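Residues per chain are reported as follows:
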Amino acid sequence: GGFSNRNALGATVIVHTDSDTYTKYNDGKSGYLSQSQIPLYFGLGTSTAIDMIEVIWPTGEKSVIKEIIPVNTIYTIQERKR
């Protein structure tokens, strides 16, 4: 996050692959009896690439990445003001 908050708490991330769509909410506390790590990890099954990523920031702004992203990749998305 850049404008919402540093760790993008409250952001929703939607990952689109060739066969499915995965959604996670960054609440920072989804682990059992502990805090979660800040990065969001997505298990993509048999998909070999990500077709698109959407981030809905806590401010309501939306970022869309439409490039092909290979699996097993750490991808950082920075919130930018329009």
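Presented here is a report on the structure given in the accompanying data block. The model shown is predicted, which means the values in this text are computed figures rather than measured ones. (Residues numbered from 1 in each chain as written. Predicted model: local features only at pLDDT ≥ 70, side-chain atom pairs only at ≥ 80, totals over all residues. Heavy atoms only, no water.)

## Comments concerning the overall build of the protein chain
No. 1: The helix and strand tally for the protein chain stands at zero helices and five strands.
No. 2: When its helices and strands are written in sequence order, the protein chain yields β-β-β-β-β.
No. 3: The burial tally for the protein chain puts 27% of its 82 residues in the buried class.
No. 4: Looking at the protein chain alone, contacts between residues at least 24 apart form 41% of all its contacts between residues at least 6 apart.
No. 5: Counting every atom, the protein chain has about 5700 Å² of accessible surface; 51% of that belongs to carbon and sulfur. (Helix = DSSP H or I, 4+ residues; strand = E, 2+ residues; numbered from the N terminus. Buried < 20%, exposed > 50% of the residue type's maximum accessible area, 1.4 Å probe, protein only. Contact = heavy atoms within 4.5 Å. Areas by Shrake-Rupley, 256 points an atom, 1.4 Å probe, with all protein chains shown as cover.)

## Considering the layout of surface pockets
No. 1: As a volume, the largest pocket reaches approximately 840 Å³.
No. 2: Looking at the largest pocket, it is lined by 29 residues, and the ones nearest its centre are Pro39, Leu40, Ile74, Tyr75 and Thr76.
No. 3: Those elements that place two or more of their residues in the lining of the largest pocket are strand E1 (12–17), strand E3 (49–56) and strand E5 (69–70).
No. 4: Of the residues forming the lining of the largest pocket, the biggest block, three residues, is contributed by E3. (1 Å grid on protein atoms, 1.4 Å probe; cavity = no way out; pocket = protein on both sides within 12 Å on 5 of 7 lines; lining within 4 Å. Points joined across faces, edges and corners; volume = space filled by probe spheres on them.)

## Looking at the pairing of E3
The side chains of a regular strand alternate, first on one face of the sheet and then on the other.
No. 1: Examined bridge by bridge, E1 and E3 share six bridges and lie antiparallel to one another. For Ile14, the partnering residue across the bridge sits in E3 and is Glu54.
No. 2: Where E3 meets E5, two bridges bridge the pair, whose relative direction is antiparallel. Across the sheet, residue Ala49 finds its bridge partner in E5, namely Pro70.
No. 3: As defined by bridge partners, E3 adjoins strand E4 (residues 62–65) across four bridges and the pair is classed as antiparallel. Pairing of Ile56 across the sheet is with Lys62, part of E4. (Pairing = 2+ DSSP bridges.)

Nothing here speaks to function; it is all geometry.
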